[in-house]
Amino acid sequence: MGLTVVDRAESLPALPPPPAGVTRRRTRLAEVLAPESSSDAELVREMAAVADARAQLAAYEAVLVAELAARRPAQTDLTEDQPGHGVEGWSPARVQAGVSEFLVDELALLRGISLAAATGLAERSLALVQELPETWAALADGLVDEPRANAIVRALAGQSQAAGGPVEPAVVAEVEAQALGWARAGETPVRLRERTAAALIALDAAAADRRRKKAERAADVRVRAVGDGMSELIADLPTPVAAACRETVDTYARMAKDDGDQRSIGQLRALVLSDLILRPWDTSRAPVTAHLQVIAPLPATGARSAGVEEQQPSPAGAAIDEDAASVGGAPITHEQLRELLGQLDSLCPGGLQAPAGGSMDVALVDPVTGALQATVTRPELQRLVRRGCSDHPPGSCRCAVLDRPPPVHRYSPTPAQRRFVHARDRTCRHPGCRRPAARTDLDHVHAHGDGGPTDCANLCCLCRRHHRLKTHAPGWRFTMTGDGVLSVTMPSGVTRTTRPPGLRMLTGQRRLTGPQLVTSGAPPDADDPPPF
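Residues numbered from 1 in each chain as written. Predicted model: local features only at pLDDT ≥ 70, side-chain atom pairs only at ≥ 80, totals over all residues. Heavy atoms only, no water.

**Overview of the overall build of the chain**
Selection criterion: Counting from the N terminus, the helices are the DSSP runs of H or I reaching at least four residues and the strands are the DSSP runs of E reaching at least two. Only protein chains enter the area calculation, which uses a 1.4 Å probe; residues under 20% of their type maximum are buried, those over 50% are exposed, and those in between are partly exposed. We call two residues in contact when some of their heavy atoms are within 4.5 Å. Here the Shrake-Rupley method, with its probe set to 1.4 Å, supplies the accessible areas, and only the displayed protein chains count as covering residues.
Scanning the chain for helices and strands turns up 15 helices and 15 strands. Sorting the 532 residues of the chain into buried and exposed places 36% on the buried side. Here the analysis covers contacts within the chain between residues at least 6 apart in sequence; of these, 63% occur between residues at least 24 apart. Here the chain has roughly 30900 Å² of accessible surface; of this, 55% comes from carbon and sulfur atoms.

**A word on the pattern of salt bridges**
What counts, and what does not: When a carboxyl oxygen of Asp or Glu lies within 4 Å of a side-chain nitrogen of Lys or Arg, that pair is called a salt bridge.
Here the structure, examined in full by the defined rule, presents 20 salt bridges. The partner of E61 in a salt bridge is R111, and the shortest N-O contact between them spans 2.4 Å. Residue E61 is found in helix α2 (residues 40–70), and its partner R111 is found in helix α3 (residues 103–111); the two are separated by 50 residues along the sequence. What makes R111 partly exposed here is its relative accessible area of 42%. Note that R465 and E101 form a salt bridge whose closest N and O atoms lie 3.8 Å from each other. Taken together, the residues span a long stretch of sequence, with R465 in helix α15 (residues 464–472) and E101 in the loop between α2 and α3 at a distance of 364 residues. Connected through salt bridges with shared partners, the residues E101, D105, R465 and R468 form a single ionic network.

**Section: the sheet that holds strand β12 (residues 477–480)**
Within a sheet, each strand pairs with its neighbour through backbone hydrogen bonds, oriented either parallel or antiparallel. The criterion, for reference: Strands were regarded as paired on the criterion that DSSP finds at least two bridges between them. To get an axis, fit a line to the C-alpha atoms, keeping to the stretch in contact for a helix; angles then go from 0 to 180 degrees between the N-to-C directions.
The strand order across the open sheet formed by 3 strands is β12-β13-β14, and the pairing between neighbours is antiparallel. Single-partner strands in this sheet number two, and they are β12 and β14 (495–498). Strand-to-strand twist across the sheet, computed as the mean angle between neighbouring axes with direction ignored, equals 20°.

**Points about unusual backbone geometry**
Its identity is not glycine, yet A34 carries a phi of approximately 50°, on the positive side. Examined against the element boundaries, A34 turns out to sit in the loop between α1 (29–33) and α2. In this structure, R426 is a non-glycine residue whose phi angle is positive, near 70°. As for its placement among the helices and strands, R426 is situated in the loop between α14 (415–425) and β10 (441–444).

**Remarks on a nonpolar patch on the surface**
Here is the rule: Exposure above 30% relative accessible area and the absence of a salt bridge qualify a residue for a patch, where like charges join within 9 Å and nonpolar side chains (Val, Leu, Ile, Met, Phe, Trp, Tyr) within 5 Å.
A contiguous nonpolar surface patch, about 600 Å² in accessible area, is contributed by V221, V223, L233, L273, I277 and L278. The element that contributes the greatest number of residues to the nonpolar patch is helix α11 (residues 265–278), accounting for 3 residues. Looking at the element boundaries, I277 is found in helix α11.

**Some words on the packing of aromatic side chains**
Defined as follows: Stacked, edge-to-face and tilted are the three classes for Phe, Tyr and Trp ring pairs, Trp counted by its six-membered ring, which pair at centre distances within 6.5 Å; planes under 30 degrees apart are stacked, over 60 edge-to-face, the rest tilted. A ring is scored as having a charge over it whenever the NZ atom of a lysine or the CZ atom of an arginine sits within 6 Å of its centre and within 35 degrees of its normal.
Counted under the stated rule, the structure contains 0 aromatic pairs. Sitting over the ring of W182, R195 keeps its end group 4.1 Å from the ring centre.

**Looking at the side chain of T454**
Locating T454 in the fold gives a position in the loop between β10 and β11 (459–462). The exposure class assigned to T454 is buried, which follows from its relative accessible area of 1%. With near-sequence residues (within four places) excluded, T454 lies in contact with P407, V408, R410, Y411, S412, P413, Q417, H444, H448 and L459.

**Regarding empty space enclosed by the protein**
Put simply, the rule reads: Here a cavity denotes a set of grid points, spaced 1 Å apart and computed over the protein atoms alone, in which a 1.4 Å probe fits but from which it cannot get out, and a pocket denotes an open set meeting protein on both sides within 12 Å along at least five of seven lines; residues with an atom within 4 Å of a point are reported as lining. Grid points are joined across faces, edges and corners, and a volume is the space filled by probe spheres set on the points.
By the definition in use, this model includes 3 cavities of 30 Å³ or more. Taken as a whole, the largest cavity spans an internal volume of roughly 80 Å³. What lines the largest cavity is A58, E61, A62, L121, R124, S125, L128, L139, E146 and N150. Residue assignment for the lining of the largest cavity shows that the elements contributing at least two residues are α2, α4 (115–131) and α6 (146–156). With 4 residues, the single largest contributor to the lining of the largest cavity is α4.

**A closer look at the state of the cysteines**
Inclusion rule: Note on terminology: pairs of cysteine sulfur atoms within 2.5 Å are recorded as disulfides.
Per the counting criterion, the structure on display carries 0 disulfides. Between C428, a cysteine without a disulfide, and C433, which holds the nearest cysteine sulfur, the sulfur-to-sulfur distance is 3.7 Å. Cysteine C463 is unpaired, with the sulfur of C428 as its nearest cysteine sulfur at 3.9 Å.

**What to know about helix α5 (residues 133–140)**
Definition in use: This arc corresponds to the set of directions leading from the helix axis out to the C-beta atoms.
Among the residues making up α5, those that are buried are T135, A138 and L139. The arc that holds the buried residues of α5, viewed along the axis, is 100°, so those residues lie on one side. For α5, the elements touching its buried residues are α2, α4, α6 and α7 (169–184). Looking at the residues trailing α5, positive phi occurs at G142, about 75°.

**Remarks on the nonpolar core**
Generally speaking, soluble globular proteins have nonpolar side chains that are buried together. This is how it is decided: Residues enter a nonpolar core if they are buried and are Ala, Val, Leu, Ile, Met, Phe, Trp, Tyr or Cys, with the set joined through side-chain atoms within 4.5 Å.
By size, the foremost hydrophobic cluster in this structure holds 27 residues, and its most contacted members are L132, L139, V144, I152, L156 and L192. For this core, the elements supplying multiple residues, two or more each, are α2, α4, α5, α6, α7 and α8 (189–203). Beyond its immediate stretch of four places on either side in the chain, V144 contacts A55, T135, A138, L139, A149, L180, A183 and R184. Membership of the second largest hydrophobic core comes to 16 residues, among which are F102, C433, C463 and V488.

Below is the structure:
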């Protein structure tokens, strides 16, 4: 028994073709090596072999990423005097100078990871290959594992003058040699990073402050859904500020507990934090409106829109997740939805109404395909129900009184087109991007200047970054079908496809659609500024 990393795929013997109609899958390592028949010592040796192979692959991946970066130079990006260039202060420059800002977007799609993870991969790879060659060699030879190599990178990347930093390359090399010795001795990754940073400070006292200021420039606030109707609010803060915030929240929560509140101390901390941020009692600050998008099948609300049939059951083969309500793209239960609508004053004796200061749209979708057919406000829907079909007023017919907005002969989309595309796309349509539709641009997939129509079949939501990528980054190509299926082809030739949420790959008879409720506050300003 033993795991061997094969140098070239061509060295494996060719397998005979499978029988007609049979799909052959890969042979799984667990089937070949049969760990269930191994002793404890053999299992330990195999796990060490896996770690060694993983280290070799990580080093090889770093070389691949560095080579791709060399083929995506910054010279292809727009300069500061060209419209559409990146605006300083809205997205921190993280990737090494000389590399295109859109390299990380390509890596994110190739690897199927987030933009932040792709940025980290690019930073680590370039640092290993170009700044810390001894660490890369130790990783490639299996002398250190990937977590320890990454710990050294985090402490030393960008510090050498060769990488644009202020530290003499000889000083960085000296600290790197010390760190590799600690790594080989088995120091834990967290402690290794701390010892390496301390060694650099001992030789260059200003190093820690430079890293701290760089980290502060990259700070942000993020929301991550964790399931069961809950999400995490994550903020990057300087350590003293974070400690003060936690102590303040804890103190207020304990005061509430001392006053007899029976809820858990953790729940009280979370409620105190939300109150301190939202501050509903504070009139001394300029008012802001938070954009909260709630999407749900109409039956989930426990109410009926006047004159509208309830949604038919999902057809066989449909994904059941489409029957779930969502807030900001994260699923919530029907009971939680009704509680939220009650808090927003959207439930009324007559059914549903728009929240105060917000709006409510009804989106009609095909129950077979899930394709969006039309969007309409409640007053518009009530008027259409009363009026009926203008061509056949005396009896029933199959005429559509609602449809997608028609195309227009101008560049700017109409409000009806904007409402329809926002309801169809819900977020930026670039693969992997979840920027809410209210914070995106409505982009002509086939450029209007090249003859592309201002039609819902040619419009999609793209955040400002991916709008800039589509328009200005060389080698990228976007195409979209009439029902909104968007295909994005990268400079490397790889294509990724996204479908509008709810659109199913089913065939069948198209029927009159069931309604979905889309309710939101007033849309905020765009997240990214001019000049684009």
